[in-house]
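What the coordinates show
The primary structure of each chain is shown beneath.
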Amino acid sequence: MHSAITVTPAQLPGLLLHVAVARPVFVWGAPGIGKSSLVRDFAASLGLDCVTLVGTQLAAEDLIGVPELRDGRSRFAPPEAIARDTPYCLFLDELNASSAEVQKAFYSLILDRRIGDYELPAGSIVIGAGNRSSDNALARPMASALVNRLIHVHLRASHADWRVWAENAGIHPWILGYLGERPDHLWSAPPKTEETFSTPRSWHMLSDALHSYGEAITEETLRLLAAGTLSPVHASALCGYVKIIRHRYGLEAVVRGDASWPAAPADRDLLYFLAEAFRARLVKDLPASKEHAPAAVRRFAHRAKALLVELSELSLECGRLVIAADADGAPVLPAWFLVEVGRDLPRLVAARA
């Protein structure tokens, strides 16, 4: 299930406060963006225990319970985890990854707030969560009868929300600094193949590993840990950023002419990071129109073309990265600058085409 209308982690609790108390809610979202922790924190904010049932670990009888005799008649006794006397939050995690039989067993519990003769105490809330099939995660089709029993909310990752949480959660300063410069790297779409990808959860795992190693961590170990938690592009860029932090080798020094682009093969990850930072600097500082541009901007544009020449001589790929279009094929740099680059650096533009 997809939706163009989404909420951020900061917006979700307020929405749940008004909706989940009235009707069951299902939270959709990519793996690793914090769905489960947000639900648990929301329940805690209401003073409710959060009982989590993981759909992939259940059979239908785990919900229906087992028959027992009472006054010569049999009835199904629901499991102790569900059958409580005080209100609570019933969290159905990975609901859409459960089997059809388990999904069917949830029907009355979700809509009527009861299973067999047991009814959820007044004040209880029911929230489900799951990944989307497009995320290459375990997800089964949700029956229309179940879809229609829930209010559906789509969650997206937000760097601004994550930053507020991360600063209070002790996330490693290298990660805070890097994602401060590249907030778009907080999350990446899950790949179709079995390889790592970046999520708030994977950045948190990497932070814990970095704290465990301490400041003495080697570049080799950092590359190993980053490659084991992040997408390949983000892992390489993070390693380049850490080199800058450790050696105080920044883009500003290159722009001023106090330093050159790193040319050593061992510094290729640093070169890629600086190229991406250079691209971001051009997007930020070059105006849409050159007309009436201040003299300082014209000087910077002239310097930028010279730096592009030097960068392309070291790595044509990095040079192309700086002037590349976005994912939809639209240019991100001003048209006038790209025209001048095409005139002065035809080899670079030809390679880009």
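Before any of the text, the structure's been laid out above.
In this report, we go over the structure that sits alongside the text.

About the criteria used
Every chain begins its residue count from 1, and numbering advances along the sequence as written. In keeping with the predicted nature of the model, local features appear solely for residues at pLDDT of at least 70, side-chain atom pairs appear and are counted solely at 80 or more, and the whole-chain, interface and lining totals rest on all residues. Computation of side-chain values: all heavy atoms of the structure, hydrogens and water removed. Strand pairing follows a simple DSSP-based rule, namely that at least 2 bridges must link the two strands. Comment: elements are numbered from the N terminus, with helices defined as DSSP H or I runs of at least four residues and strands as E runs of at least two. Lines fitted to C-alpha atoms define the axes here, with helix axes fitted over just the stretch in contact, and angles between the N-to-C directions of these axes take values from 0 to 180 degrees. Exposed residues in this analysis have more than 50% of their type's maximum accessible area, buried residues have under 20%, and partly exposed residues fall in between, with area computed by a 1.4 Å probe over protein chains only. For this quantity, the arc is that covered by the directions from the helix axis to the C-beta atoms. Contacts between residues were defined by any pair of non-hydrogen atoms, one from each residue, lying within 4.5 Å. Under this definition, polar contacts are N or O atom pairs within 3.5 Å; protein pairs additionally need one hydrogen-donor-capable and one acceptor-capable atom, and for neighbouring residues in sequence, both atoms have to be side-chain atoms. Each pair of aromatic rings taken from Phe, Tyr and Trp, with Trp reduced to its six-membered ring, is defined by centres within 6.5 Å and is described as stacked if the planes are under 30 degrees apart, edge-to-face if over 60, and tilted in the remaining cases. Any Lys NZ or Arg CZ found within 6 Å of a ring centre and within 35 degrees of that ring's normal is scored as a charge over the ring. To define a nonpolar core, start from buried Ala, Val, Leu, Ile, Met, Phe, Trp, Tyr and Cys residues and group those joined through side-chain atoms within 4.5 Å. Here, a salt bridge means any side-chain nitrogen of Lys or Arg that lies within 4 Å of a carboxyl oxygen of Asp or Glu.

Once that is clear, we can look at the sheet that holds strand β1 (residues 25–28). Strand pairing in a sheet is mediated by backbone hydrogen bonds. Such pairs are either parallel or antiparallel. The strand order across the open sheet built from five strands is β2-β5-β8-β1-β9, with neighbouring strands paired in parallel fashion. Bordering the open sheet on either side are β2 (50–54) and β9 (151–154), each of which pairs with just one other strand. In this sheet, adjacent strand axes meet at a mean angle of 20° when their direction is disregarded. Bridge analysis of β2 against strand β5 (residues 89–93) gives five bridges, and the strand direction is parallel. If you follow Val51 over to β5, its bridge partner there is Leu90.

This paragraph deals with helix α10 (residues 219–227). Owing to its 3.6 residues per turn, the α-helix aligns residues three or four sequence positions apart on the same side. Turning to α10, its buried residues are Thr221, Leu222, Leu225 and Ala226. Down the axis, α10 shows its buried residues gathered within 130° of arc, on one side only. The exposed set on the far side of α10, more than 90 degrees from its buried face, consists of Glu220 and Leu224.

Turning our attention to the environment of Tyr118. Turning to its location among the elements, Tyr118 is positioned in strand β7 (residues 118–119). Expressed as a C-alpha distance, the spacing of Tyr118 and Ala83, which sit 35 residues apart in the sequence, is 6.9 Å. If we skip the residues at most four places from it in the chain, Tyr118 touches Pro78, Ile82, Ala83, Arg84, Tyr88 and Arg113. For Tyr118, the side chain forms a polar contact with the main-chain oxygen of Ile82, separated by 3.1 Å. Among the polar contacts made by the side chain of Tyr118, one reaches the main-chain carbonyl oxygen of Arg84 at a distance of 2.7 Å.

Here β1 shows a buried face lined by Val25 and Val27 and a second buried face lined by Phe26 and Trp28. As defined by bridge partners, β1 adjoins strand β8 (residues 125–130) across four bridges and the pair is classed as parallel. Among the inter-strand pairings, Phe26 is bridged to a residue of β8, identified as Gly128. Sheet topology note: the β1/β9 ladder contains four bridges and is parallel.

This part covers the packing of aromatic side chains. According to the stated counting rule, one finds eight aromatic pairs in the structure shown. Between Trp261 and Phe278, the ring centres sit 5.7 Å apart and the planes meet at 65°, which makes this aromatic pair edge-to-face. Of this pair, Trp261 sits in the loop between α12 (251–256) and α13 (268–285) while Phe278 sits in helix α13, placing them 17 residues apart in sequence. Each member of the pair, Trp261 as well as Phe278, carries the same accessibility label: buried. By the ring-pair criterion, three or more aromatic residues cluster together here, those being Tyr178, Trp203, Tyr241 and Phe273. When the ring centre of Tyr88 is taken as reference, the NZ or CZ atom of Arg84 above it lies at 5.6 Å. We note Arg149 situated over the ring of Tyr107; from NZ or CZ to the ring centre the distance is 4.6 Å.

Another point: the nonpolar core. One finds Trp203, Trp261, Phe278, Leu282, Leu308 and Phe337 to be the most contacted residues of the largest nonpolar core, which totals 53 residues. Ranked by residues supplied to this core, first place goes to α13 with eight residues. Among residues more than four places away in sequence, those in contact with Leu308 are Phe278, Gly319, Val322, Ile323, Phe337, Val341, Leu345 and Leu348. In terms of nonpolar packing, the next biggest core, distinct from the first, is built from 24 residues, Phe26, Tyr88, Tyr107 and Met142 among them.

Burial runs high along β5: five of the five residues are buried. Residues of β5 alternate between two faces, with Cys89, Phe91 and Asp93 on one and Leu90 and Leu92 on the opposite face, all of them buried. In the sheet, β5 pairs with β8 via five bridges, with the strands oriented parallel. By the bridge assignment, Leu90 is partnered in β8 with Val126.

Looking now at the side chain of Ser231. With respect to the helices and strands, Ser231 occurs in the loop between α10 and α11 (232–247). Excluding anything up to four places from it in sequence, Ser231 contacts Ser188, Thr196, Phe197 and Ser198.

We now examine the pattern of salt bridges. Proximity of charged atoms lets side chains of opposite charge pair with each other. Applying the stated criterion across every chain yields a total of 14 salt bridges. Of the charged contacts, one joins Glu167 and Arg163 as a salt bridge, the two residues approaching to 2.9 Å between their closest N and O atoms. With Glu167 and Arg163 both in helix α7 (residues 159–169) and four residues apart, this pair spans about one turn of that helix. For Glu167, a relative accessible area of 48% translates into the label partly exposed. By relative accessible area, which is 25% here, Arg163 ends up partly exposed. Note that Glu340 is salt-bridged to Lys290, the shortest N-O span being 2.5 Å. Residue Glu340 is found in helix α16 (residues 335–344), and its partner Lys290 is found in the loop between α13 and α14 (295–314); the two are separated by 50 residues along the sequence. On the basis of relative accessible area, Lys290 is assigned to the partly exposed category, the value being 28%. Several salt bridges share partner residues, and in doing so they unite Glu219, Lys243, Asp267 and Asp269 into one network.

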